[in-house]
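Take a look at the letters that make up each chain.
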Amino acid sequence: MAISLKDVEYLSHLARLELTPEELQRFAPQLEEILAYVEKLKTAPTEGVAATTHVLNLANVFREDKVQPSLPTEQVLANTSSREGLFFKVPKVIDSS
Amino acid sequence: MNYTTVIGLEVHLQLKTATKIFCGCSNRFGAAPNSQVCPVCLGFPGTLPVLNRQVLVSGIRVALGLSCGVQPRIVFHRKNYFYPDLPKAYQISQYDLPLGSNGFVQVGGQKVRVNRVHMEEDAGKLIHKEGENASLVDYNRCGVPLLEIVSEPDMRFPEEAHAYLKTLKGILEYLDVSDCDMEKGSLRCDANVSLTPDTKVFGSKVEIKNLNSFKAVARALAYEVQRQAAVLDEGGRVQQETRLWDDVKEMTQGMRSKEFAHDYRYFPEPDLVPFSVSKEEIGAVRAVLPELPAQKADRFVREYGLPATDAAGLTAEKASADYYEECVKRAPEGSQGKTLANWILSDVAREMNERGLDDIGALGFPPERLVELVGLIQSGVISGKMAKEVFIEAVESRQSPSEVVKAKGLAQVTDRGAIQEAALSVIQEQPRAVEDYRGGKAQALMFMVGQLMRKTKGAASPALSQEILRELLEKKNA
Amino acid sequence: MTVSEIHALYQSGKTSPSEIIEQAIRRIESLDPKIHAFAWFDPQWVRQQVKVLEARGGGRGPLWGIPVVVKDNICVQGAPATCASKILSGFDPPYNATVIEKLRAAGAILMGMANMDEFAFGSSCEHSCYGPTRNPWDLGRVPGGSSGGSAASTAASFTPLALGSDTGGSIRQPASFCGVVGMKPTYGRVSRYGLIAFASSLDQIGPFSSTVADSALLLGAIAGFDPRDSTSGNVPVPDYLQEIKQGAKGLRIGVPKECFGKGIDPEVNEALQQALEQCKKLGITVKEVSLPRTEYAIPTYYVVATAEASSNLARFDGVQYGYRSASGQTILDMYAKTRGEGFGPEAKRRIILGTFVLSSGYYDAYYGHALKVRTLIKEDFDRVFREVDCVVTPTSPTPAFKLGEKLADPLTMYLSDIFTISVNMAGLPGVSIPCGFTKAGLPIGMQWIGRPFEEGVLFRGCHAYERAAGWHTKRPPLS
Ligand SMILES: [Mg+2]
Ligand SMILES: [Zn+2]
């Protein structure tokens, strides 16, 4: 599968991950090489085979609806480099979704 | 040109569990910013979600209440997108294996199909600062359990969408799993609307967000239908997009900066195992399902002899149905069932509407007062007309109807002597009417009753006045 | 020294935890500047723990007074956890991982955080924001990775025990490169709560030690169901040290023929053959088996692991913790710059790849398909384990390579995980133990793979072999 610079640019936007021009240049062929290697998977006989999302056959693991203590707000905010009062602070959000 | 409008609604319902969906933080509304969070709901590195059993139970309850099938295998997925109110940069939600699917809601004579009911986590809240390039983030709401209820695009008019939402809310209130409060955001609604000149094709879908009340839903849809029609009329194309309803400007506005389409990269949440619900468990939830509006309406017809429309009106909201039944319970034997129903559906409803109240409880006029009021009418203390005044005054002053009657001296005159006196003077002053009556014109009596009422400033009991007038006229005749 | 040797000294009253810890601190301070096994080391923090332990009294846990170093991706309250990444610089977790609570309850002393490849992306411990860790056997070579710091600390006798994490071989390969014992438990055997996720469906925390018995002891201390980890198995934890005593006689080993193709270093091959001969002498039967789907393991892994990683690493956006770029003016900018400046090149490469395989239009062809192939890989093992109790392979096709040797070529680096990756794909337990040395004096490791939750069987076989072969007595020549 051919990976263009534009593809990598799109992915870097989707991942909110700014790449330097050199990284963009480098990643396109590297990604292409890795994907070519991954092509091998296409030969695997997967017809009628179920997907494995969990190796253990676990199901129905719950917790009960009982309140546990929350984290003190000062600890909640202790790691951020940008806060205001009891809030985290970020550049203004204008529906960038 | 004529277009077919196609509307579908997406409702997000916050569940009133004790704790959040994946952690033990309290699910109480209104705590101080960032005080109801823990490493799990903050999405701190290394933390893992564990499903709150009650969320699944409430979810099944809602699925069954909306006549959905409950999936035998329930899987959570990650919905990946970046937003500062979403601390993990993915929302744990459901994708192709939701909790419930293929249900319906009976809205009057129309069946609106419910595509799916799924569980997911709520996001935090953003506060946008005025005059500064900053938004503030409060994560308390992160991890509040949500059910997303998605309708099929079965509605053709904004009014239908409004009615569906009202009916849905009614059912959800009966199920008692949520506060269902649109203002507080425990019930939220997004609408999808498209217009098409041909019923076989769907037009471009526009999603409307920021609908914070029933009124907003109806108005935004009406606005959007007109807007899209205008675009199409001019030969333009409706852009597929998300638009925000502005309650003040009463219009929808497209969201800015849509450089790339969404790509949520859903994949099965590896941190949670699948869930299955056995027939027995479903049966257990079904066994404790409350009576839902449609069933209750049927019963009201059977048990209280109400007309079907009254029964439907009373049961649409659980609060009014409960109010009605409380009244009936307190009313003396010989049932005033129909009268009470009329009062609730007309005067009480009108008063709530005027006061902008959603909840009959907030009116401050408990069932025993309505029973008392109707009792005052039936025992002849006040007339039906006076009762309306008494009711409004009672609501206003938070007094009981009897107290109002006493304080305002509103009791009707039931003293035979006083009425007789007034009746005699009417007979004297209105010889023409007397003549007509004697000549066989029955309306003439009603005219004289009216005159009598005027004389007594409305205080005389109309029934008694009529009786005494007739007696006097017959007597003189004899 | 092993745990039992230290405990014997404590028992006899010849020494105390504070003396042992001071010795360890001195050794780390004098030798770690050369090796750089530690990403974070604060003697005062360590001493404080000793004080608390000695004041605690009461019963002595199985790790009482034993120094342990923890990989830098495991959350410890009071110590940073940075995954050796700039993007998590300064992150002070407000909670303890479940394994940390278990270690503390068992009486262990945490010595600090071990260096690693950034976010566990790598097999050489070179991709660290703190710089590379060096192999104690040859300072010009890598210790393996990603848990290179944990392996090097154990090999250099800084700590008798270490915790690492293993997603595709990140415990076993460095154990093999450093000549120590490294165990990746069954998926779900050890709680992942507090392990900063790389690939959630593959990650496991596991022990490093210089002997199999110590590995068994440490695993016993950290294993078990955790109500905070839905994916942990509710399976009782046996007394592994008791199980070891049953010996290896009668065990059946399967050796997959697929593991001896091209690319295998002849010295590695030779060491493994000799080890298998030794096993036969211990009453273990050895037969050839086949795992035909091994060839799919690496491509499957690079789809599944990068997809999950791209999602797991999305939370590092500068809002709540860690690095935030100062130049982001809009929220979009802030995200992109923070992440662009905060992640190293290997992390970026994997995030981009993972984003791609999940993206619209490619999910079915890549991620969806890989999950099915994963089933095939697992079925291979299920079938083989009907005939044998353990599968034995080389841990890595080669001994430790030179620093910088594979940095330029990510794909070759990925390929060196060929023997370890399928074990994660199938969720099985696997352990690497030393099985010889190259002529140049580099350790060679062999990997034992077992049935789910049968770590005890692996320990039986490995312990018996270790005692017979005696490789564990060799230590690197550090002055
Ligand atoms: Mg939703
Ligand atoms: Zn929480």
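The rules behind each value
Residues numbered from 1 in each chain as written. Chains lettered and ligands numbered in written order. Predicted model: local features only at pLDDT ≥ 70, side-chain atom pairs only at ≥ 80, totals over all residues. Heavy atoms only, no water. Helix = DSSP H or I, 4+ residues; strand = E, 2+ residues; numbered from the N terminus. Rg over C-alpha atoms; globule rule 2.2 N^0.38 Å. Buried < 20%, exposed > 50% of the residue type's maximum accessible area, 1.4 Å probe, protein only. Contact = heavy atoms within 4.5 Å. Areas by Shrake-Rupley, 256 points an atom, 1.4 Å probe, with all protein chains shown as cover. Lys, Arg positive; Asp, Glu negative; His and termini not counted. Charge placed at Lys NZ, Arg CZ, Asp CG, Glu CD. Donors = N, O, S within 2.8 Å, 3.2 Å for Na, K, Ca; no water. pLDDT = per-residue confidence, 0-100. 1 Å grid on protein atoms, 1.4 Å probe; cavity = no way out; pocket = protein on both sides within 12 Å on 5 of 7 lines; lining within 4 Å. Points joined across faces, edges and corners; volume = space filled by probe spheres on them. Nonpolar A, V, L, I, M, F, W, Y, C, P; charged D, E, K, R; others polar. Axes fitted to C-alpha atoms, helices over the stretch in contact; angles between N-to-C directions. Parallel < 35°, antiparallel > 145°, perpendicular 65-115°, else oblique. Tetrahedral: all angles 85-135°; square planar, octahedral: opposite > 155°, others 65-115°. Buried area = accessible area lost by both parts, 1.4 Å probe. Salt bridge = Lys/Arg side-chain N within 4 Å of Asp/Glu carboxyl O. Polar contact = N/O pair within 3.5 Å; in protein donor to acceptor, adjacent residues only side chain to side chain. Phe/Tyr/Trp six-rings, centres within 6.5 Å; stacked < 30°, edge-to-face > 60°. Lys NZ or Arg CZ within 6 Å of the ring centre and 35° of its normal. Pairing = 2+ DSSP bridges.

Draft legend 1. Region of the structure containing the overall build of chain B. Helix and strand counts for chain B come out as 15 helices and 17 strands. Whereas a compact globule of 478 residues would reach a radius of gyration of roughly 23 Å, chain B reaches 30 Å, over 25% beyond that. Taking the principal axes of the C-alpha coordinates as reference, chain B spans close to 100 × 55 × 50 Å. Taken over 478 residues, chain B has a buried fraction of 54%. Pairs at least 24 residues apart make up 68% of the contacts formed inside chain B by residues separated by at least 6 positions. When the accessible surface of chain B is split by element, carbon and sulfur atoms take 50% of a total near 21600 Å². Distance between charge centres in chain B, computed from 59 positive and 63 negative side chains, equals 1 Å.

Draft legend 2. Seen up close, the coordination of the magnesium ion (ligand 1). Residues and elements named next belong to chain B. Those donors, H12 (NE2), E120 (OE) and E148 (OE), are the protein atoms that reach the magnesium ion (ligand 1), and they lie 1.9 to 2.3 Å from it. Each donor residue of the magnesium ion (ligand 1) belongs to the same chain, and together they define the spacing H-x107-E-x27-E. Within this pair, whereas E120 is found in strand β8 (residues 110-121), its partner E148 is found in strand β11 (residues 145-151), the two being separated by 28 residues in sequence. This pair shows no difference in class: E120 is buried, exactly as E148 is.

Draft legend 3. Expanded view of the confidence of the model for chain A. The predicted model of chain A has a mean per-residue pLDDT of 93, with 97% of residues at 70 or higher. Here helix α2 (residues 21-38) of chain A stands out as the element of chain A with the lowest mean pLDDT, 93, in contrast to strand β1 (residues 62-63) of chain A, whose mean of 97 is the highest.

Draft legend 4. Quick look at the environment of B:P401. Residues and elements named next belong to chain B. If you trace the backbone, P401 turns up in helix α11 (residues 401-408). Taking relative accessible area as the criterion, P401 reaches 0% and is therefore assigned buried. A sequence separation of 280 residues divides P401 from E121, and the C-alpha atoms of the two residues are 48 Å apart. Setting aside its immediate chain neighbours within four residues, P401 contacts F365, R369, E372, L373, L376, V390 and A394.

Draft legend 5. Representation of the environment of B:C142 in the model. Residue and element names in this part refer to chain B. Relative to the elements of secondary structure, C142 occurs in the loop between β10 (135-138) and β11. C-alpha of C142 to C-alpha of V37: the two residues are 105 residues apart in sequence and 7.8 Å apart in space. Residue contacts for C142: discarding those within four places in its chain leaves K20, C41, D85, P87, D122, A123 and G124.

Draft legend 6. Focus on empty space enclosed by the protein. Residue and element names in this part refer to chain B. Summed over all chains, the structure comprises 13 cavities of 30 Å³ or more. Taken as a whole, the second largest cavity spans an internal volume of roughly 110 Å³. As for the second largest cavity, its lining consists of 15 residues, and the residues nearest its centre are V40, L48, P49, K88 and I92. Looking at the lining of the second largest cavity, its residues break down into eight nonpolar, two polar and five charged.

Draft legend 7. Layout of the packing of helix α9 (residues 367-378) of chain B against α11(B). All names here are of chain B. Where α9 meets α11, the closest approach of the two axes is 8 Å, and the angle between their N-to-C directions is 50°. What the angle tells us is that α9 and α11 run oblique. Touching R369, E372, L373 and L376 of α9 are P401, S402 and V405, all from α11. Along the lines of polarity and charge, the residues of the contact of α9 with α11 split into four nonpolar, one polar and two charged.

Draft legend 8. Up close: the environment of C:R293. Inspection of the secondary structure puts C:R293 in the loop between β8 (285-289) and α10 (294-312). Along the sequence, C:R293 and C:R349 sit 56 residues apart, while their C-alpha atoms lie 26 Å from each other. In contact with C:R293, not counting residues within four places along its chain, are A:P45, C:L376, C:I377, C:E379 and C:D380.

Draft legend 9. Examining the coordination of the zinc ion (ligand 2) more closely. Residue and element names in this part refer to chain B. Listed as protein donors to the zinc ion (ligand 2) are C23 (SG), C25 (SG), C38 (SG) and C41 (SG); their distances from the metal cover 2.3 to 2.4 Å. Every donor counted, the four donor atoms about the zinc ion (ligand 2) form angles of 100 to 116° at the centre, which fits tetrahedral coordination. The sequence pattern describing where the donors of the zinc ion (ligand 2) fall on their chain is C-x1-C-x12-C-x2-C. With C23 in the loop between β1 (4-14) and β2 (51-52) and C38 in the loop between β1 and β2, this pair connects stretches of sequence that are 15 residues apart. Classification of C23 by relative accessible area gives buried; the value is 5%.

Draft legend 10. Just the interface of chain A and chain B, in detail. Across the contact, 36 residues belong to chain A and 59 residues belong to chain B. Between chain A and chain B, a total of about 4300 Å² is buried, with carbon and sulfur atoms accounting for 59% of that surface. One can count three salt bridges joining chain A with chain B. Among the ionic pairs, B:K129 bridges to A:E84, the shortest N-O distance being 2.5 Å. Our count for the chain A to chain B interface comes out at 26 residue pairs in polar contact (both at pLDDT 80 or more).

Draft legend 11. Seen up close, the pattern of salt bridges. Applying the stated rule across the entire model yields 55 salt bridges over all chains. Salt-bridge contacts for C:R192 lead to B:D271; the nearest nitrogen and oxygen are separated by 3.0 Å. In this pair, C:R192 is assigned in the loop between β5 (181-184) and β6 (204-209) and B:D271 in the loop between β16 (267-268) and β17 (275-276), connecting two distinct chains. For the pair C:R192 and B:D271, one class covers both residues: buried. The closest approach of N and O atoms between C:E267 and C:K439, which form a salt bridge, is 3.8 Å.

Draft legend 12. Quick peek at the packing of aromatic side chains. All names here are of chain B. The final tally for this structure, using the stated rule, is 39 aromatic pairs over all chains. Seen in terms of ring centroids, F365 and F391 are 4.9 Å apart; in terms of plane orientation they differ by 85°. Their pairing is edge-to-face. Of this pair, F365 sits in the loop between α8 (337-354) and α9 while F391 sits in helix α10 (residues 384-397); the two residues are 26 residues apart in sequence, bridging distant segments of the chain. Residues F365 and F391 agree in their burial class; the two are buried. A cation over an aromatic ring shows up here: K388 above the ring of W343, its NZ or CZ 5.7 Å from the ring centre.

Draft legend 13. Spotlight on the interface of chain A and chain C. Facing 52 residues of chain A, the contacting portion of chain C comprises 65 residues. Contact between chain A and chain C buries roughly 5200 Å² in total, counting both sides, with carbon and sulfur atoms accounting for 69%. The interface formed by chain A and chain C includes two salt bridges. A:E18 is the partner of C:K337 in a salt bridge, and the nearest nitrogen-oxygen pair spans 3.7 Å. Linking chain A with chain C are 14 residue pairs in polar contact (both at pLDDT 80 or more). Elements represented by at least two residues in the side of chain A that touches chain C include exactly α1 (5-14), α2 and β3 (87-90) of chain A. A per-element tally of the side of chain A that touches chain C places α2(A) first, with 10 residues. The residue inventory of the side of chain A that touches chain C, partitioned by class, reads 28 nonpolar, 14 polar and 10 charged.

Draft legend 14. Geometry of the sheet that holds β5(C). All names here are of chain C. The strand order β1-β3-β2-β4-β6-β5-β10-β11-β9-β7-β8 describes an open sheet built from 11 strands, whose pairing is mixed. Every other strand in the sheet has two partners, leaving β1 (38-40) and β8 as the edge strands with one partner each. The average undirected angle you get between the axes of adjacent strands in this sheet is 35°. As defined by bridge partners, strand β2 (residues 67-71) adjoins strand β3 (residues 109-114) across five bridges and the pair is classed as parallel. Note on β3: the bridge partner recorded for K71 is A114.

Draft legend 15. Structural detail: the layout of surface pockets. Residue and element names in this part refer to chain B. By volume, the second largest pocket is sized at about 1200 Å³. Lining the second largest pocket we find 41 residues, and of these K166, A312, T315, A316 and E317 sit closest to its centre. Of all the secondary-structure elements, those providing two or more residues to the lining of the second largest pocket are α1 (53-65), β7 (100-107), α2 (158-175), α5 (293-304), α6 (308-315), α7 (318-330) and α8.

Draft legend 16. Representation of unusual backbone geometry in the model. Put simply, C:G145 and C:S146 share a cis peptide bond, and its omega is 10°. Position of C:S146 among the secondary structure elements: in the loop between β3 and α5 (148-155). Its identity as a non-glycine residue notwithstanding, B:E250 has a phi of 55°, on the positive side. Here B:E250 falls in the partly exposed class, since its relative accessible area comes to 35%.

Draft legend 17. Region of interest: the pairing of strand β6 (residues 90-93) of chain B. All names here are of chain B. Here β6 shows two buried faces, one formed by Y90 and I92 and the other by Q91 and S93. Inspection of the sheet shows strand β5 (residues 77-80) paired to β6 by four bridges, in the antiparallel sense. Looking at β6, one finds that H77 is bridged to S93.

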